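Chains, contacts and geometry: an overview
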Amino acid sequence: MKKLIRDRIPEIIQSNWEVANITLVEDWNELFALLLEKVLEEAQEVVESQWDPSEIADLVEVLMSLTQFQGITWDEIESLRTEKCEKRGGFEQWYILHT
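In short, a report on the structure.

Rules used throughout
Residues numbered from 1 in each chain as written. Predicted model: local features only at pLDDT ≥ 70, side-chain atom pairs only at ≥ 80, totals over all residues. Heavy atoms only, no water. Phe/Tyr/Trp six-rings, centres within 6.5 Å; stacked < 30°, edge-to-face > 60°. Helix = DSSP H or I, 4+ residues; strand = E, 2+ residues; numbered from the N terminus. Core = buried A, V, L, I, M, F, W, Y, C linked by side-chain atoms within 4.5 Å. Buried < 20%, exposed > 50% of the residue type's maximum accessible area, 1.4 Å probe, protein only. Contact = heavy atoms within 4.5 Å. Salt bridge = Lys/Arg side-chain N within 4 Å of Asp/Glu carboxyl O.

All chains considered together, the criterion is met by two aromatic pairs. Relative to Phe69, the ring of Phe32 lies with its centre 5.7 Å away and its plane at 20°, an arrangement referred to as stacked. Pair noted here: Phe32 is in helix α2 (residues 28-48) and Phe69 is in helix α3 (residues 53-69), with a separation of 37 residues, a long-range link. Of the aromatic side chains, those joined through ring pairs into one cluster are Trp28, Phe32 and Phe69.

One recurring pattern in soluble globular proteins is that nonpolar side chains are buried together. Within the largest apolar cluster, six residues are counted, these being Leu35, Val39, Val46, Leu59, Val62 and Leu66. Elements with a contribution of two residues or more to this core: α2 and α3. Among residues more than four places away in sequence, those in contact with Val46 are Trp51, Asp52, Glu55, Ile56 and Leu59.

Evaluated as defined, the whole model comprises eight salt bridges. Among the ionic pairs, Arg8 bridges to Glu11, the shortest N-O distance being 2.7 Å. A relative accessible area of 53% places Arg8 in the exposed class. For Arg81, the salt bridge goes to Glu78, with nearest N and O atoms at 2.7 Å. Taken as a pair, Arg81 and Glu78 lie in helix α4 (residues 74-88) at a separation of three residues, close to a single helical turn. Residue Glu78 is classed as partly exposed on the basis of its relative accessible area, which comes to 35%. Members of the salt-bridge network, linked through shared partners, are Lys3, Lys38, Glu41 and Glu42.

Here's what the structure looks like:
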């Protein structure tokens, strides 16, 4: 099984006198797929932790990596978020649409 990990995890594993079986991702398509898997994994961990801020931070970190991979800055994402919020609103009123 392959799992994308944070940059310092190999160092942490080795500091505990354990062997880390690590390779680098060299294929862009594989990296994109692994980043998308990581987004889902981290989102699930947010839900399972009942919204632990540490887990939310992990999810944001992966989202930031994904945007960087796509050549988008976090400032661009924030600008798009703000623009959408101004045009369509946020999620502050908690409306539900029944279809």
